[in-house]
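An overview of the molecular structure
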Amino acid sequence: MRLNGKKALVTGALRGIGKTIADLFIAEGAQVWGLDYKTPDDLDARKEAAGGKLHWIQLDLSVLSSIDEAIEKSIKEADCFDIVVNNAGITKDNLSFRMSLEEWQKVIDINLSAAFFVARSAAKDMIRKRSGSIINMASVVGIHGNGGQANYSASKAGLIAVTKSLASEVASRGVRVNAIAPGYIESDMTAAVPEEARKKMTESIPMKRTGKQEDVARAVLFFASDDSTYVTGQVLPVDGGMFF
Ligand code: NAD
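Our subject in this report is the structure included herewith. (Residues numbered from 1 in each chain as written. Predicted model: local features only at pLDDT ≥ 70, side-chain atom pairs only at ≥ 80, totals over all residues. Heavy atoms only, no water.)

A tally of regular secondary structure across the protein chain gives eight helices and seven strands. Taken over the C-alpha trace, the protein chain has a radius of gyration of 17 Å; the compact-globule value for 244 residues is 18 Å, and the two agree within 12%. Taken along its principal axes, the extent of the C-alpha atoms in the protein chain is 45 × 40 × 35 Å. In the protein chain, which comprises 244 residues, the share counted as buried stands at 52%. Across the protein chain, the fraction of contacts at a sequence separation of at least 24, relative to all contacts at a separation of at least 6, is 71%. Within the structure as shown, the protein chain displays about 11800 Å² of accessible surface, and the carbon and sulfur contribution to it stands at 53%. Looking at the protein chain, you have 30 positive and 30 negative side-chain charges, and the mean spots of the two groups are 4 Å apart. (Helix = DSSP H or I, 4+ residues; strand = E, 2+ residues; numbered from the N terminus. Rg over C-alpha atoms; globule rule 2.2 N^0.38 Å. Buried < 20%, exposed > 50% of the residue type's maximum accessible area, 1.4 Å probe, protein only. Contact = heavy atoms within 4.5 Å. Areas by Shrake-Rupley, 256 points an atom, 1.4 Å probe, with all protein chains shown as cover. Lys, Arg positive; Asp, Glu negative; His and termini not counted. Charge placed at Lys NZ, Arg CZ, Asp CG, Glu CD.)

In structure tokens, the structure reads:
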């Protein structure tokens, strides 16, 4: 029960890594506000399974102008979040010379700009309480780049820069900001990768397996909990040794 009594906001909690993080946080004793552009069809069942510890915020993070107000409203409801996980993210892959303005802009808006505005709103309030942990979901491609993903890689590189910049602005006020850089994790996002490419990718990973959502969630838990009280501005790769 490493998060007993804590209140956490997790974006992109509808499915995938975000849902796994929300489930783990609840199992560790936290109350979780899940945020996504839509409400899950099975929300009532999820709430029941969570024993009243799950709340829901429906918000499309691509509408950047709505974020400040929505987050401030949910902060009031929660009476300050102790933990914020900026997990929501999308891909719109294309080769650079074919990439449309829409493919570029949407990925930057959701993965980078929305995460910045969520983190900023939450940090403002955490400073008041002199404590809090913000965790941003970056990616190994935000460090190393990836052909066909200039937009996505740039958004994640930007998120790493936001992590370090914000961390230095709020460190003296008791607020920590860190990032996770997952490698190849099994989820809806990677489900479209053709079998042949998946095999090749798995072969290239030193641990010879793709990542599970739980692998990422447990690393997020480290940054969210008191296990990392003296750690800020860091980027933790969770990639099976893909990049040493
Ligand atoms: P996913 O597509 O399964 O989940 C993404 C979540 O974000 C979904 O719940 C989706 O509804 C939500 N979301 C998307 N657009 C939104 C919007 N406009 N407003 C609100 N919510 C929105 O993907 P995942 O694999 O679970 O990825 C989670 C995070 O991990 C993402 O930031 C992704 O970039 C990052 N990541 C994933 C991998 C991987 O291999 N799966 C690797 C590195 C980083």
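For the rest of this paragraph, the subject is the site of the ligand. Taken together, 29 residues surround the ligand, and among them Arg15, Asp36, Asn87, Tyr152 and Ser187 come closest. In the environment of the ligand, a nitrogen atom lies 2.9 Å from a nitrogen or oxygen atom belonging to the backbone of Leu61. For the ligand, whose accessible area on its own is 830 Å², the fraction buried by protein is 95%. Spatially, the ligand is embedded in the largest pocket. (Near = heavy atom within 4 Å. Polar contact = N/O pair within 3.5 Å; in protein donor to acceptor, adjacent residues only side chain to side chain. 1 Å grid on protein atoms, 1.4 Å probe; cavity = no way out; pocket = protein on both sides within 12 Å on 5 of 7 lines; lining within 4 Å. Sits in = over half its atoms within 2 Å of the grid points.)

This next bit is on the nonpolar core. Counting 30 residues, the largest nonpolar core has Ile21, Phe25, Val32, Ile180 and Val220 as its most contacted members. Those elements giving two or more residues to this core turn out to be β1 (7–11), α1 (16–27), β3 (54–58), β4 (83–86), β5 (132–137) and α8 (213–224). In terms of residue count, α8 provides more of this core than any other element does, seven residues in total. If we ignore the near neighbours within four places in the chain, the residues touching Phe25 are Leu3, Ala8, Val10, Ala30, Val32, Ile83, Val85, Val220, Leu221 and Ala224. Judged by nonpolar contacts, the second largest core, of 26 residues, contains Leu61, Ala122, Ala123 and Leu166. (Core = buried A, V, L, I, M, F, W, Y, C linked by side-chain atoms within 4.5 Å.)

End to end, helix α4 (residues 101–129) covers 41 Å across 29 residues, agreeing with the expected 42 Å (1.5 Å per residue, within 8%). Along its length, α4 reaches its greatest deviation from straightness, about 40°, at Asp109. (Expected span 1.5 Å × (residues − 1). Bend = angle between axes of the 7 residues up to and from the residue.)

All right, on to the packing of α4 against helix α6 (residues 150–170) then. Orientation of α4 relative to α6, taken along the N-to-C sense of each, is 15°, at an axis distance of 8 Å. With respect to each other, α4 and α6 are oriented roughly parallel. In this structure, the crossing between α4 and α6 has a hand that is right-handed. Contacts from Glu103, Trp104, Val107, Ile108, Asn111, Leu112, Ala115, Phe116, Ala119, Ala123 and Ile127 of α4 reach α6 at Ala150, Asn151, Tyr152, Ala154, Ser155, Lys156, Gly158, Leu159, Val162, Leu166 and Val170. Class assignment for the residues of the contact of α4 with α6 results in 16 nonpolar, four polar and two charged. (Axes fitted to C-alpha atoms, helices over the stretch in contact; angles between N-to-C directions. Parallel < 35°, antiparallel > 145°, perpendicular 65-115°, else oblique. Left-handed = near helix turned anticlockwise from the far one by under 90°. Nonpolar A, V, L, I, M, F, W, Y, C, P; charged D, E, K, R; others polar.)

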